Amino acid sequence: MKQQLSANMKQPQFVILGGGIIGLSCAVRLSEKYPDASLHIIGEHFSPHTTSDVAAGLWGPYALGNTPETTCRKWAKDTHTYMHQLWRSGHAEKCGLCLVPVVELFTAEEETTPWWHNIVFGFQTHHLQPEHAELLGHKLGQNMYRTAISYVTFTCEPTRIMSHYRKILSARNAQFRTERLESLRCLTRLNINSNAIIINCLGLGAQSVVGDTDLGPIRGQVQKVKAEGVFHSFANDECYIIPNTDTVTLGGTKQKSTRTRPCPVDRYMIRTNCTAIVPSLREARLLKDAVGLRPVRSTGVRVEMENVYLFDGEMDDASLLVHNYGHGGAGITLAWGCAGEVVHLVERELGSTVESKL
């Protein structure tokens, strides 16, 4: 198999399964590393109809199962650095990038220092006095906020950056195809070259397509509202408030459920919890409710390679399959870093020395 791959390394064919932020990030990074490659992106949905589009896009590792901390750190830091480069190079507007202050509030008194504290900018821990807590919200008495952390990081709106990626990929002659895959064997009817390298970025779809029983949905419902004057992101154990370019995202739920329709009870609780932190949000105009299913994998994010047999025949060789899914609530946080890991796995297999075109 390696001989066949090496023979085609100057013009390999990549088939990316999944049209969300993970799949498109892989497509962009592969097209940079292999500028003469053939790229096919296959997805049941594309933006603005993907799970990625529901997210507010605040950088922050969340719901990552048992992914090792060292691995998360590398991928998350790579993505944060990439966002910083985009922001500094004048691509912020087209990519939906904003640099925002974040305040997270806790009722517990113990100090909380997450492992990613030295990736974001200006991380601080605060021990709040009652008068400080009253300024931040109306939850007093037993629910008084006692500690807080503050830092500055990026929001990157998935819908905007995916639009940016599609323009890049279209200019590189990538092919987009809308298909629902029931299994990997479905690829045999799509005129896919048997030597193609397949990149599995199906998110929750990997549960059925590759039979991953470690994968499951965590339902997230949010509100997109119009609220001028909200420039900070706030969060506590019950809710979060994340300003985007033109809207503010209020969230959210963390439910083991596959229900994708907005729930009126959740809508009420989201607004109630968020207005307890920022009372002016009571008057914010609701633009839409949105629901997404986070692909949480109990054993952690899966980025690895395997050989699979898709095509019949005694002389058939295995196809190379690279998995990249199970990012939980951290798709935008890990997307660019994980895509770099995919490129590394492919490069190691091909033994390629092709230079990137930046």
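Residues numbered from 1 in each chain as written. Predicted model: local features only at pLDDT ≥ 70, side-chain atom pairs only at ≥ 80, totals over all residues. Heavy atoms only, no water.

Asker: Would you mind going over the pattern of salt bridges in detail, with residue names and values included?
Answerer: Counted according to the given criterion, the structure contains 12 salt bridges. The residue Arg 177 makes a salt bridge to Glu 179 at a minimum N-O spacing of 3.1 Å. A residue is classified by how much of its surface remains accessible, and Arg 177, at 36% relative accessible area, is partly exposed. Here Arg 302 makes a salt bridge to Glu 304, at a shortest N to O gap of 2.6 Å. Residue Glu 304 is classed as partly exposed on the basis of its relative accessible area, which comes to 37%. (Salt bridge = Lys/Arg side-chain N within 4 Å of Asp/Glu carboxyl O. Buried < 20%, exposed > 50% of the residue type's maximum accessible area, 1.4 Å probe, protein only.)

Asker: Go over the pairing of strand S11 (residues 248-251), please, and point to the residues and values.
Answerer: With burial as the criterion, each face of S11 is covered, one bearing Val 248 and Leu 250 and the other bearing Thr 249 and Gly 251. Relative to S11, strand S8 (residues 215-226) runs antiparallel, the two being bridged by 4 bridges. Across the sheet, Lys 224 pairs through a bridge with Thr 249, a residue of S11. Looking at chain direction, strand S10 (residues 240-243) and S11 are connected through 4 bridges and run antiparallel. Paired with Ile 241 across the two strands is Leu 250, which belongs to S11. Taking the residues that link successive antiparallel strands as the turn, the S10-S11 hairpin has 4 residues. (Helix = DSSP H or I, 4+ residues; strand = E, 2+ residues; numbered from the N terminus. Pairing = 2+ DSSP bridges.)

Asker: Got a sec to walk through the nonpolar core? Specific residues and values, please.
Answerer: Membership of the largest hydrophobic core comes to 63 residues, with the highest contact counts inside it found for Phe 14, Ile 16, Ile 199 and Val 346. With 11 residues, helix H9 (residues 331-350) is the largest single contributor of residues to this core. Not counting residues within four places of it along the chain, the set of residues in contact with Val 346 comprises Phe 14, Leu 30, Tyr 34, Ile 197, Ile 199, Met 305 and Val 322. (Core = buried A, V, L, I, M, F, W, Y, C linked by side-chain atoms within 4.5 Å. Contact = heavy atoms within 4.5 Å.)

Asker: Describe the sheet that holds strand S9 (residues 233-235), with residues and values.
Answerer: Ordered in space as S4-S5-S3-S9-S10-S11-S8-S12, the 8 strands form an open sheet in which the pairing is mixed. Whereas interior strands pair on both sides, the edge strands pair on one side only; in this sheet they are strand S4 (121-127) and strand S12 (285-297). Averaged over all pairs of adjacent strands, the angle between their axes in this sheet comes to 25 degrees, without regard to strand direction. Relative to S9, strand S3 (residues 97-106) is paired through 3 bridges, and the arrangement is parallel. In the strand pairing of S9, Val 102 is matched with Ser 233. In this fold helix H3 (residues 69-88) packs onto S3, S4 and strand S5 (147-156), with an angle of close to 60 degrees to the strand it touches most, S5. Along the sheet, helix H8 (residues 264-277) contacts S3, S8, S9, S10, S11 and S12; its crossing angle with S8, the most-contacted strand, is approximately 60 degrees. (Axes fitted to C-alpha atoms, helices over the stretch in contact; angles between N-to-C directions.)

Asker: Just give me the short version of empty space enclosed by the protein, but keep the residues and values in it.
Answerer: In the structure shown here, the tally under the stated rule is 1 cavity of 30 Å³ or more. Space inside the largest cavity adds up to approximately 60 Å³. In terms of lining residues, the largest cavity is bounded by Ile 21, Ser 25, Thr 79, Tyr 82, Met 83, Cys 156, Ile 161, Tyr 165, Ile 332, Ala 335 and Trp 336. Elements with a contribution of two residues or more to the lining of the largest cavity: helix H2 (21-33), H3, helix H6 (158-171) and H9. Here the residues of the lining of the largest cavity sort into 9 nonpolar, 2 polar and no charged. (1 Å grid on protein atoms, 1.4 Å probe; cavity = no way out; pocket = protein on both sides within 12 Å on 5 of 7 lines; lining within 4 Å. Points joined across faces, edges and corners; volume = space filled by probe spheres on them. Nonpolar A, V, L, I, M, F, W, Y, C, P; charged D, E, K, R; others polar.)

Asker: Break down the packing of aromatic side chains for me, with residues and values.
Answerer: Using the criterion set out here, one finds 10 aromatic pairs in the structure. The interplanar angle of 20 degrees and the centroid separation of 6.3 Å between the aromatic rings of Phe 123 and Tyr 151 together place this pair among those described as stacked. Pair noted here: Phe 123 is in strand S4 and Tyr 151 is in strand S5, with a separation of 28 residues, a long-range link. Neither residue differs from the other here; Phe 123 and Tyr 151 are each classed as buried. Members of the aromatic cluster, connected to one another through ring pairs, are Trp 59, Trp 116, Phe 123 and Tyr 151. Just above the ring of Phe 46 sits the side chain of Arg 166; from NZ or CZ to the centre is 5.2 Å. (Phe/Tyr/Trp six-rings, centres within 6.5 Å; stacked < 30°, edge-to-face > 60°. Lys NZ or Arg CZ within 6 Å of the ring centre and 35° of its normal.)

Asker: Account for H6, naming residues and giving values.
Answerer: An ideal rise of 1.5 Å per residue puts 20 Å on 14 residues; H6 measures up with 20 Å between its terminal C-alpha atoms. By the burial criterion, the buried members of H6 are Pro 158, Ile 161, Met 162, His 164, Tyr 165 and Leu 169. One face of H6 carries all of its buried residues, which in axial projection span an arc of 155 degrees. Opposite its buried face, H6 presents the exposed residues Lys 167 and Ala 171, each directed more than 90 degrees away. Asn 173 sits one or two residues past H6 and shows a positive phi near 65 degrees. (Expected span 1.5 Å × (residues − 1). Arc of directions from axis to C-beta.)

Asker: How would you explain the packing of H2 against H9 if you had to name every residue and give the values?
Answerer: The N-to-C vectors of H2 and H9 enclose an angle of 40 degrees; their axes lie 8 Å apart at closest approach. Considering the angle they form, H2 stands oblique to H9. In this structure, H2 meets H9 at a crossing whose hand is right-handed. Contacts between H2 and H9 involve Ile 21, Ile 22, Ser 25, Cys 26, Val 28, Arg 29, Leu 30, Glu 32 and Lys 33 from the first element and Gly 331, Ile 332, Ala 335, Trp 336, Ala 339, Gly 340, Val 342, Val 343, Val 346 and Glu 347 from the second. Of the residues assigned to the contact of H2 with H9, the class counts are 12 nonpolar, 3 polar and 4 charged. (Parallel < 35°, antiparallel > 145°, perpendicular 65-115°, else oblique. Left-handed = near helix turned anticlockwise from the far one by under 90°.)

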